[in-house]
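Here's the letter readout for the chains.
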Amino acid sequence: MLLPTALACAQGNGPGTRGARAAGLGNASVTLTDVWAIGNNVAGLGQVTSPTVGFYAENRYLSRALNTAVLAAALPIGPATDGKATRGVVGFEAQRFGDKLYSEQRLGAGYGYRGSLISVGARFDVLQVSIEGLGSKRAVAVSLGGQAEVLPKKLYFGAYLYNLNQAKLAEYQNERVPTVLKAGLSFRPTGKVMLNAETEKDVDQAADFKAGIEYQVIDALAVRGGFSTLSRQTTGGVGLQAGQFRFDYAAAWHTALGLSQHLAIGVQLNRAAK
Amino acid sequence: MKRTFLSLAALTLLLAARPAQAQEYVRPPADLDRLVQELFAEIQSDQVPYEDLYETLLLYYQTPLNLNTATREELRALLLLSETQITALLDHRAAQGNLISLYELQSVDGFDLRTIYRVSPFVAVQSNLGNAARGPLWQRIAQEDNNALFVRYERVLQDRQGYAAPDTTSTGKPASRYLGSPDKLLVRYRVSHQRDFSLGITAEKDAGEPLTWSPGTRRYGADFYSGHFVLQERGKLKTLALGDYQLQFGQGLLLSSGLQVGKGAETITTIRRSSLGVRPYSSVLESTFFRGAAATFNLTSTLRASAFVSRKRVDANVQTSADSLAEFDEFSSGLLITGFHRTATELANRQALRETIGGGNLTYTSRSSNFSAGLTAVDTHFDKPLQRQPELYNAFEFRGRHNLAIGVNYSYVIRNIILFGETARSSGGGIGTVNGLLASLATNVDVSVLYRNYARDFHTFYGNALSENTRNINEKGLYVGLKVRPVSRWEVSAYYDQFSFPWLKFQAGTPTEGHDWLVRVAFSPSKTSLLYAQIRTRVKEYDVAAPGRNLPLTAPTQRRSLLLFYDTSPTLILSLRTRLQGTHYREDDGPQRSGYVLAQDASVKIGRVLQLSGRYALFDTDDFDTRQYVFEQDVLYAFSVPALSGQGTRAYAIAEVKCSKHLTLWLRYAETHYRHQNTVGSGLEELQGPRRSEVKVQARYKF
């Protein structure tokens, strides 16, 4: 029953993709620090300096049954100094994947904190999988993340462990929510260029190797490209910054299954004084 | 760059602000786990006694080496200094007198900050105060800080086959079962002072071994006991050891124990052995030590003589039994070294052979300590003749009761090159030789070369010179190592080792050959972080199935491993470590199989009392051949490298609690959770269910 989804996203109810920026980078996103860090690596939340709300929609292989919609919010606690919220950031997320026949719902809450060169974060998820005619199952997953600046402002490291408690969805065939560990490096030689490389491992799947590049053409425009070896996709995307708004779009191409599209919109509720 | 400058500035400031009385550098805690990561490139087997090795390293590194009294040989044994640096330090000491503080290392040629940070946990600058000035011996022992009792307990929580009720096999015979409880116990007391004395007692019971009082079978409670008393630096008498001790002379061709790292990512310093002579033994490996007495005398200022005698019972398969439980691999044929006495068969082999060894060493060291040469003799006698399995690969193995081995060794420093070697002959005519050189071509380029040739009939029982085999027999090889620091913070190290086995081996029915190479690129962005990538490839020939052929056929087997490692301590309280490890394994033209592990560690220090560390790792291997060994943190003095194969997760948590000034507790829980498996392990170790969990508790009481 879960096979088509597993094939399609390579990890049913796994950590998944969050935000079109990550999608454009081949999902090599473990070092990113925007509002979508809530799902990509919760440690990255610690660098969100003003309250932000984001909406993300994804359509896979032009099939309506494989739509994902996510609403996320990040709220810094305490004043922001030095590019970080002094008391950390809390994040919330609501996600829905699928259609009437098969769907996954997720409610997540996370917290990220940045120290001097290191960030840590934790998150809790309530997951629900519903299959029409078979009812639904619920599970709770706990995840942890960490990020570090290996070389200040140049080399970044991130690691994210999703579902460390190996939550069980069903007794049948011992079906569990995937436990996924990912770790990666991001090299940012100048403020304009970012190169990401990452490995991701789901206990039950082969290892995935992902890489992405982002180039900030002008302040308002970024272009991206990437690939992922396990889901065999090549990705590309653009990002636009317009005042408090941020628009990201990404397209991913799979040789056999075709095109997937990702769109994200973010709004900073009050811009932090620089 | 900026950070180095800052730390340099800080050091210089401290140096400038030093009051008249020398201010002692606060010795940073030794990160032994990280050191082990740097020294052992890749653990590829659980046959090698890493536990013992690790423990000896630990003990060695735990008493800081006094830079004011350390000899050239002792400095080399640290494995962290190049020959040029050692020479520079000795010259500095000769010219300027004793070092006043560790800060002074900065003014020694060739000591960069990285080296200083690396060695600082393991060395100290102490005034050279005579032992007698500290009071009589009993008082010195009583007042020694380094005085501790360890108690350790561990067990696997699940029920295993070996502990089940006895059953009968299909042939009607009772099935083999462990005779003891699944608890592992260790009690150890030790007190020691560098260059003065060492006193220690150890008792151990492995899981499955019974606690029995049975003088008839030489079992007195615990399965293994060890004890020693060692005195050092008593005038002409340099060392006197009573009880259990270990010996290290020359290149370890005849006598070697403890400090061998072998081929690893430290490609230069680790290929040479240091002649450290007689040292105390307090580990729990039930072989590779001597029991009796040993002494070293300084005959003149340049001539040193050692003599030793040892008599103990060793485990052996004296009668070739039909029981197939005994393992006949290349490591344990005849003599059994596992130290396990859990089943009736293992108990029958326990202490089956009495081994008497006598010997000595005479070493000349020139006044400048640039040249040294030595003569070693080891005479081994067994009370019953050793028998081997009548296999062709055992044709040249030792058999009989008596073996005399005599060897010469040398070491010579010319400018920035050190030449060293040892050649020995054993009864029966077999010759073994190992010769090498280490050279510092420039301040940032080091090379090493080592040639070895151990005849197929060369027999030593306590030799452990560098080799691909686990013993020094039936092997020829040439090792070349390189270490380059092209720019500061970067280090590239590499080795290439080619070897051949002129006679057959276990699982190799023809003479075989192979090679092994490694490249590691390490980058240390700051003094507290390290990033490296390493690739290692080993090609070795093994038997392959050849249906329809009467002659054996061997084919090359390739194992290629990739390792990415990142270690950082961004703050004083937190450290993080990530390790990605993968292996490709291929037999001849067969399918390529692979293994993968991704592990994330974190360690937090909470106040002065508590330190918490943990790991979460995911592994996925195609089969047992691609199994992964990942080094794990453990309670102090214990070592853990589980073999991970199949699919699943491995997690552990360890807490170190300083209850008081005297008492420290360690608690460790580890669990491997396998996917798609209903049983774990095989044979007597088999357990039901997908999990295997271990608990370990250790207490240290410092008097």
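Residues numbered from 1 in each chain as written. Chains lettered and ligands numbered in written order. Predicted model: local features only at pLDDT ≥ 70, side-chain atom pairs only at ≥ 80, totals over all residues. Heavy atoms only, no water.

Looking at an unreviewed UniProt entry, one finds chain B named Helix-hairpin-helix protein, with Hymenobacter chitinivorans DSM 11115 as its source organism.

Between chain B and chain A, the residue contacts involve 24 residues of the former and 29 residues of the latter. Roughly 2,300 Å² of surface becomes buried between chain B and chain A when both sides are summed, with 70% attributable to carbon and sulfur atoms. When the area that chain B buries against chain A is broken down by residue, the three leading residues are Tyr 616, Leu 618 and Arg 675 of chain B, summing to 28%. At the boundary of chain B and chain A, one finds two salt bridges. The closest approach of N and O atoms between Asp 620 of chain B and Lys 201 of chain A, which form a salt bridge, is 2.7 Å. Linking chain B with chain A are ten residue pairs in polar contact (both at pLDDT 80 or more). Elements with a minimum of two residues in the side of chain B that touches chain A: strand E21 (512–526), strand E24 (574–587), strand E25 (593–606), strand E26 (610–621) and strand E29 (647–658) of chain B. In terms of residue class, the side of chain B that touches chain A is built from 13 nonpolar, seven polar and four charged. (Contact = heavy atoms within 4.5 Å. Buried area = accessible area lost by both parts, 1.4 Å probe. Salt bridge = Lys/Arg side-chain N within 4 Å of Asp/Glu carboxyl O. Polar contact = N/O pair within 3.5 Å; in protein donor to acceptor, adjacent residues only side chain to side chain. Helix = DSSP H or I, 4+ residues; strand = E, 2+ residues; numbered from the N terminus. Nonpolar A, V, L, I, M, F, W, Y, C, P; charged D, E, K, R; others polar.)

All names here are of chain B. Overall, the coordinates contain 27 aromatic pairs over all chains when judged by the stated rule. Measuring from centroid to centroid gives 5.8 Å for Phe 371 and Tyr 412, while their planes differ by 75 degrees, and the two rings are edge-to-face. Here the residue Phe 371 occupies a position in strand E14 (residues 371–386), and Tyr 412 occupies one in strand E15 (residues 400–414), the gap between them amounting to 41 residues. Ring geometry for Phe 499 against Phe 501: centres 5.5 Å apart, planes inclined by 35 degrees, an arrangement best described as tilted. In this pair, the class of Phe 499 matches that of Phe 501, namely buried. Three or more aromatic residues joined by ring pairs form one cluster here, namely Tyr 245, Phe 290, Phe 308 and Tyr 462. Note that Arg 188 overlies the ring of Tyr 637, its terminal NZ or CZ placed 5.5 Å from the centroid. (Phe/Tyr/Trp six-rings, centres within 6.5 Å; stacked < 30°, edge-to-face > 60°. Buried < 20%, exposed > 50% of the residue type's maximum accessible area, 1.4 Å probe, protein only. Lys NZ or Arg CZ within 6 Å of the ring centre and 35° of its normal.)

Here the focus is the pairing of E21 of chain B. Residue and element names in this part refer to chain B. Bridge analysis of strand E20 (residues 490–501) against E21 gives twelve bridges, and the strand direction is antiparallel. Directly across from Glu 491, in E21, lies its bridge partner Ala 522. Joining the antiparallel neighbours E21 and strand E22 (residues 529–544) is a turn of two residues. (Pairing = 2+ DSSP bridges.)

Residue and element names in this part refer to chain B. Looking at where Leu 240 falls in the secondary structure, it is placed in strand E9 (residues 237–248). With 54 residues separating them along the chain, Leu 240 and Ala 294 place their C-alpha atoms 5.9 Å apart. Those residues in contact with Leu 240, other than ones at most four positions away along the chain, are Phe 229, Val 230, Leu 231, Ala 294 and Ala 295.

Counted residue by residue, helix H2 (residues 32–39) of chain B has eight buried out of eight residues, so it is predominantly covered. When H2 of chain B is considered as a whole, its buried residues turn out to be Leu 32, Asp 33, Arg 34, Leu 35, Val 36, Gln 37, Glu 38 and Leu 39 of chain B.

A separate point is the environment of Ser 120 of chain B. All names here are of chain B. With respect to the element layout, Ser 120 can be found in the loop between helix H6 (113–119) and strand E2 (123–124). Remark: the alpha-carbon pair of Ser 120 and Leu 105, spanning 15 residues in sequence, is separated by 9.8 Å. Engagement of the side chain of Ser 120 in a polar contact is seen with the backbone oxygen of Tyr 117, the distance being 3.1 Å.

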